[in-house]
Amino acid sequence: MQTATTPFLRQHGEHLAVGGDWTLAMATALAADVSRWRGRLAPQARIDATAIARLDTAGARLLLDLAEAARIDGLDPRQHALLDAVARAALPDTATTRRDNGLLGLLARTGAAVEGIARDAVALLGFIGLVLATLVRSLPDPRRWRPTALAFHLEQTGLDAVPIVVLLNFLVGAVVAFLGATILRDFGAAIYTVELIGYSFLREFGVLLTAILIAGRSGSAFTAQIGSMKAREEVDAIRTLGLDPIEVLVLPRLLALLVAMPLLTALAMLAGIVGGGMVGALSMDISPTLFITRLHELGAARHFWVGMSKAPIFAFLIAAIGCLEGFKVSGSAESVGTHTTSSVVQAIFMAILVDALAAVFFMEIDV
Amino acid sequence: MTATEAIIEVRGLRNQFGSQVVHEQLDLDVRRGEIIGVVGGSGSGKSVLMRSIIGLNRPAAGSVRLLATEMMRASETERMQVERRCGVLFQNGALFSSLSVADNVMAPMREHFRLPLPLMQRFAALKIALAGLPPNAGAKFPSQLSGGMVKRAALARAIALDPDLLFLDEPTAGLDPIGAAAFDELILTLRDSLGLTVFLITHDLDTLYTICDRVAVLAHRRVLACGPLAEVERCDDPWVRDYFQGPRGRSALLAAQHARARHAHPAGGT
């Protein structure tokens, strides 16, 4: 490999002598030199390029910038060919579109974001309608059921999620019991920890924690699976084979989640209560028998059904959002990532929103 | 520096995946400034050969000498230096989908040189223009480009650092005949003006006949024949004969002869 020589520009009477390496590696220094010399060149000046050792496209572009109307002498034929090729390649105006970062830009982006949310909401409602219509159409026809796909997704979204759901709820149950015990003990009401645990896990925490976990675990998986199929035109292939992508891809996932989610929720409630009960038994002298008796007095069954009634709604929302975001994926790998993130965020947001509305509703009807 | 200096020298290459041997005792020389076409049936290991040469695939045995550097024994820095002088156009473009075309072209410049952004944008625009794309293509993202434009954008990125050596993996596959012919012309122009050496994998017989100086035929795990087309055509291996003497080969030859005749007598020319 040749050793690099630093480029130079020198005035020699009428003409300008240039030499050295005019390459990309030297471009920063060269560009500064070129802009310094540019205006000062006499109209009829000649550029002597005999001393140029190496020339690449970047150097050629800079040499052309320097020369403007002036003549360039002394290049060997290969360098001349390069210069001609670069000269022929038309450059666009360098005034690239700059992003407006001012107040106007902020307003525009805010507007676009709001519009995006509105469009997403409409799309989600439309998609939910489409899914329901497809479901109603395909349910009466047993030939269109897909038991294999359903079983597969049941395992993936249900069975495989059991350990994490149980463990997480157990830990949160223990933490809530500790918190409750610490505060309630000051009032001499440590025994009410049982109510705290029972009430919160049966009505809210069991189902909400499960929904958040499933949104992160299965909702994202739905988006990524369908999204990469969309990116590789597999979804289009399904359509051209005379099949309905909603029926083939969405329904098995939706039905699997509708079955798995209530089961997981029940396990989650149980795990949370066991976690709380264990803390009660070990550190607060609330024996398991007492714990269970008090739970019965609380009317646990009623609270259990309040919590359970939300599970299918969350399941439906998570599956619908996950699948819809998957269908929104376009072409690139980055798009799969963006929509997966969006799917998880939307699903968790919707779960908490619906949970809040449900809490108000159940309070109003006094359940 | 002589005209016949070998810029790539492959000796005794052996590639193996599990029990499947792809290359065995494969030798190949590529000379500076030539366009060498590599042909072979599907699965004959053309892409594997390219990956072995550029170091993406470590061969089981043999040596690869690239730009006077023994790639198997070179240190990390030496390899990097050689890799910087190679441009690669992958079969499907392999453009970074999260970057615009201009950013794709600027990516190698950004990594290897510290250049002011406006200067880099100018050079990127130059490369995009050299690759035959319209000026507004720079702001587009790969997913917004047609197949032919993706190839051109990938070519612009491959020549971003003014490589000495350009590897092209089926550059005209999937292009319409007019687009493919224009791409061939572009490669020829770039070779002549930028002084490139081009290693070209192709199935396109028209490309072989119009722009390749030499052709290497890959079959039976080695280079079966290597030389100018006229020489390779005369090879008496049945596969090579079928390849070049088949109906497609003959029509490509005719087309190339036509093209050459037009080239030699352009309107108002010599």
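Because the structure is a prediction, the values reported are computed rather than measured.

About the cut-offs
Residues numbered from 1 in each chain as written. Chains lettered and ligands numbered in written order. Predicted model: local features only at pLDDT ≥ 70, side-chain atom pairs only at ≥ 80, totals over all residues. pLDDT = per-residue confidence, 0-100. Helix = DSSP H or I, 4+ residues; strand = E, 2+ residues; numbered from the N terminus. Pairing = 2+ DSSP bridges. Core = buried A, V, L, I, M, F, W, Y, C linked by C-beta atoms within 7 Å. Buried ≥ 20, exposed ≤ 12 C-beta atoms within 10 Å, placed from the backbone. Contact = placed C-beta atoms within 7 Å. Nonpolar A, V, L, I, M, F, W, Y, C, P; charged D, E, K, R; others polar. Axes fitted to C-alpha atoms, helices over the stretch in contact; angles between N-to-C directions.

Take the confidence of the model for chain B next. All names here are of chain B. In this model, chain B carries an average pLDDT of 83, and 95% of its residues clear a pLDDT of 70 or more. Looking at the elements of chain B, mean pLDDT is at its lowest for helix α10 (residues 247–264), recorded as 72, and at its highest for strand β8 (residues 197–201), recorded as 91. For this predicted complex, the interface confidence comes out at an ipTM of 0.72, alongside a pTM of 0.68.

Looking now at the sheet that holds strand β4 (residues 61–66) of chain B. All names here are of chain B. Spatially, the 4 strands line up as an open sheet ordered β2-β1-β4-β5, and their pairing is antiparallel. Only two strands of the sheet have a single neighbouring strand rather than two, namely β2 (20–31) and β5 (69–70). Looking at chain direction, β4 and β5 are connected through 2 bridges and run antiparallel. Across the sheet, R65 pairs through a bridge with E70, a residue of β5.

Bringing the pairing of strand β9 (residues 214–219) of chain B into the picture now. All names here are of chain B. One ladder, built from 5 bridges, connects strand β3 (residues 35–40) with β9; its direction is parallel. Across the sheet, G37 pairs through a bridge with V215, a residue of β9. Summarising the sheet, β9 and strand β10 (residues 222–227) pair through 5 bridges and their orientation is antiparallel. Looking across to β10, one finds that L218 is bridged to V223. Hairpin geometry of β9 and β10 is characterised by an intervening segment of 2 residues between the two adjacent antiparallel strands and by a positive phi of about 50 degrees at H220.

Another point: the nonpolar core. Within the largest apolar cluster, 104 residues are counted, with the highest numbers of intra-cluster contacts made by I128, A153, A156, F167 and F199 of chain B. Per-element tally for this core: the top contributor is helix α4 (residues 117–130) of chain B, with 9 residues. Within the second largest apolar cluster, 54 residues are counted, among which are V172, I273, V279 and L295 of chain A.

The next point concerns unusual backbone geometry. Residue and element names in this part refer to chain B. The phi dihedral of A68 falls on the positive side, at around 65 degrees, and the residue is not glycine. Summarising the element assignment, A68 is placed in the loop between β4 and β5. One non-glycine residue, A94, adopts positive backbone phi at about 50 degrees. In this fold, A94 is placed in the loop between β6 (86–89) and α3 (101–112).

What follows deals with the interface of chain B and chain A. Contact residues are listed per partner, giving 26 residues for chain B and 26 residues for chain A. The greatest single-element share of the side of chain B that touches chain A, amounting to 9 residues, is contributed by α4 of chain B. Residue classes in the side of chain B that touches chain A are distributed as 15 nonpolar, 7 polar and 4 charged.

Let us look at the sheet that holds β3 of chain B. Neighbouring strands of a sheet are bound in pairs by backbone hydrogen bonds; such pairs are parallel or else antiparallel. Residues and elements named next belong to chain B. In spatial order, the strands read β6-β7-β8-β3-β9-β10; together these 6 strands make up an open sheet with mixed pairing. Strands at the two margins of the open sheet, each flanked by one partner only, are β6 and β10. Within the sheet, the average angular offset between the axes of one strand and its neighbour, ignoring direction, is 15 degrees. Where β3 and β8 come together, 4 bridges link them in parallel fashion. Across the sheet, the residue bridging to I36 is F199, located in β8. Lying over the sheet, helix α5 (residues 147–158) contacts β6 and β7 (165–169), oriented at roughly 165 degrees with respect to β6.

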